[in-house]
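The chain contents come next:
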Amino acid sequence: MEKSENKRVDVGIIRKISDTLSGIGNYASKKSERGLYKTMQKTECISLCEIMHDLYQKEPNVEKLIDRACKEAGFSKCERIYFGSSFCGQYFLNMSKKEINLLVEACKKQNIKLTMVLPIFTEKHLERAKKKIESYISELREVLDEVTVNDYGMLVYLHTHYSHLKLNMGRLFMKDYRDPRYEDYFNQTLKPKAFTTYLKKLVQDYHIGSIEFDPSHKSIDMSEKPEGIIIALYTPYCYETVGQICQMAGISQPIEKKFRPNEPCQQECNTHKIHYFIEEGHTWLKLGRAIYFKNESCEIKGVNCMRVIYSLLDGEVEQ
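Description of the structure in this document.

Here is what the cut-offs are and how they apply
- Residues numbered from 1 in each chain as written.
- Predicted model: local features only at pLDDT ≥ 70, side-chain atom pairs only at ≥ 80, totals over all residues.
- Heavy atoms only, no water.
- Helix = DSSP H or I, 4+ residues; strand = E, 2+ residues; numbered from the N terminus.
- Buried < 20%, exposed > 50% of the residue type's maximum accessible area, 1.4 Å probe, protein only.
- Contact = heavy atoms within 4.5 Å.
- Areas by Shrake-Rupley, 256 points an atom, 1.4 Å probe, with all protein chains shown as cover.
- Phe/Tyr/Trp six-rings, centres within 6.5 Å; stacked < 30°, edge-to-face > 60°.
- Pairing = 2+ DSSP bridges.
- Right-handed = clockwise from strand over helix to strand, strands pointing away.
- Lys, Arg positive; Asp, Glu negative; His and termini not counted.
- Salt bridge = Lys/Arg side-chain N within 4 Å of Asp/Glu carboxyl O.
- Polar contact = N/O pair within 3.5 Å; in protein donor to acceptor, adjacent residues only side chain to side chain.
- Axes fitted to C-alpha atoms, helices over the stretch in contact; angles between N-to-C directions.
- Parallel < 35°, antiparallel > 145°, perpendicular 65-115°, else oblique.
- Left-handed = near helix turned anticlockwise from the far one by under 90°.
- Disulfide = S-S within 2.5 Å.
- Core = buried A, V, L, I, M, F, W, Y, C linked by side-chain atoms within 4.5 Å.

Our next topic: the overall build of the chain. When helices and strands are counted, the chain shows 9 helices and 17 strands. By the burial criterion, 54% of the 319 residues in the chain qualify as buried. Sequence-distant contacts in the chain: of pairs separated by 6 or more residues, those separated by 24 or more amount to 76%. About 15400 Å² of surface is accessible on the chain, with carbon and sulfur atoms providing 48% of the total.

Under the definition given, this model contains 11 aromatic pairs. Ring centres of F83 and Y136 lie 6.1 Å apart, and the angle between their planes is 85°; this geometry places the pair in the edge-to-face category. Remark: Y136 occurs in helix 6 (residues 126-139) and F83 occurs in strand 4 (residues 80-84); sequence separation between them is 53 residues. Per residue, the accessibility class of F83 equals that of Y136, and both read buried. Aromatic ring contacts, followed pair by pair, group F83, F92, F121 and Y136 into a single cluster.

It is worth spelling out the pairing of strand 5 (residues 113-117) at this point. Regular strands show a simple pattern: their side chains alternate between the two faces of the sheet. The element strand 5 is extensively covered by neighbouring structure, given that 4 of its 5 residues are classed as buried. Strand direction decides the pairing type here: strand 4 and strand 5, joined by 5 bridges, are parallel. Bridged to Y82 within strand 5 is T115. Sheet topology note: the strand 5/strand 6 (residues 144-149) ladder contains 4 bridges and is parallel. Opposite M116, over in strand 6, you have V147 as the bridge partner. At this point the chain moves from strand 5, through helix 6, to the parallel strand 6, and the crossover so formed is right-handed.

On to unusual backbone geometry, then. Cis geometry marks the peptide bond from T235 to P236, where omega comes out at 0°. Topologically, P236 is positioned in the loop between strand 11 (230-235) and strand 12 (237-242). Despite not being glycine, E50 has its phi angle at roughly 75°, a positive value. Note that E50 resides in the loop between strand 3 (41-47) and helix 2 (52-58). Assessed through its relative accessible area of 9%, E50 is described here as buried. Non-glycine residue H207 carries a positive phi angle of around 50°. Here H207 lies in the loop between helix 9 (197-205) and strand 9 (208-213).

Turning our eyes to something else, we now look at the side chain of D176. Assignment of secondary structure puts D176 in the loop between strand 7 (166-169) and helix 8 (183-186). The buried charged residue D176 lacks any salt bridge, with K193 as its nearest oppositely charged partner at 5.1 Å. Among the polar contacts made by the side chain of D176, one reaches the main-chain amide nitrogen of K193 at a distance of 3.1 Å.

Turning to the packing of helix 3 (residues 62-73) against helix 5 (residues 97-110), a few remarks are in order. One can describe the packing of helix 3 onto helix 5 by two numbers: an axis separation of 9 Å at closest approach and a directional angle of 65°. With respect to helix 5, the element helix 3 is oriented roughly perpendicular. Once helix 3 is placed against helix 5, the crossing between them reads as right-handed. Two secondary-structure elements touch here, helix 3 through V62, E63, I66 and D67 and helix 5 through L102, L103, A106, K109 and Q110.

What follows is about the state of the cysteines. This model, assessed by the stated rule, comprises 0 disulfides. There is no disulfide at C45, and the cysteine sulfur nearest it, in C78, is 6.7 Å away.

Grouped together as the largest cluster of nonpolar side chains are 83 residues, with contacts concentrated most on I46, I81, L103, M116, L118 and L158. Among the elements that take part in this core, helix 3 stands out by supplying 6 residues, more than any other. Look past the residues within four positions of L158 in its chain and what remains in contact with it is L118, I133, V147, V149, S163 and L167. One finds C246, I274, Y276 and F293 within the second-largest nonpolar core, a separate group that totals 8 residues.

Structural data, given as C-alpha cells:
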C-alpha cells in the first residue's frame, strides 16, 4: 500500500481466479436505473473477448452464462456475442476449439449472431493467424457473419479474401486520449478525432458496417460519424492503454526471461489479474496486456441507435 497526500492506492493484488461467478448480477439494478440508453434504439450484445476461458471455468453451461450476463447488463435478450481478442495475438491463437464449439451451439439454440474480434498480429504470427481466421470463418459460418479488425493491414486482407463478411473497425482505431485522473478532460464531451474525410473514405471503400468505441469520457458526441455507420460502445470498462509486453506471461519465468515481447505463453492471463483500488472512486483492472478503467456513466449523443457491447469484466474483480 502506498500513501500520497489524500490518495490511497492499493496496487498489485495478483490473484488466482476463484471458481465462483463473482460480480455477476451485482449491478443489474444499477444499470436499469441509470437509463442512459432508454430513449435510444439499441442492439444488446455481450463480449466474451479476453476472458472466455475464465468464464467457462466458472460456468461451463454457456446458455446459463449468457442468461446471467443479460441479467447483469440489464438486457432483455442477447442479440450478438463478440469473441476473440482486441489486444493479444497469443490469446486469439490459443483459444480452445472445444470452447468455441460450445459457444456456437448455444448461439444456434438462442438465435444469436457471432462477431469475431481480431487483434493486431505480429509478423511472427501473421501466417498462423491467417490460417486460424480461415478455419473459423469456414467452420462457424452458420452464426459468424462479421469480423472486427484493429489494423489497416487486416482490414485490406479480409476485404480482399472474404468479401462476403461484414467488417467493423475496432477500438484500437480510436486514438483519443483517455484517463479519468485528468478530470477536466474526462468530464468534457468528446468529439472523436477519427471522424475525418479519410475515415469516411475507408468506410466507403471497405464497406465498414460498425465502428467500436470505449466509454472514454463522461459523454461522447457521435453526430459527425460517417453516414450509415453503426456506433458500438463497450461497457462498463474502457481500455486505457495496451502494451506489447505482457507482465502476466512472465509470472512463471525466471527473471532473465521476463518481459520479452512475442514469446509463447501459457495463457497466464486466464488465471491471474491485477486490480487497482483508488480512493477517489476510480477502478482499474489489468487483464493480459491491457489496462481498463470503469466508467458506467458515459452518455452517447448525436445518434438515435447504437450497439451496446457489455463486457463481463466485473467477474474478474475480487469483491
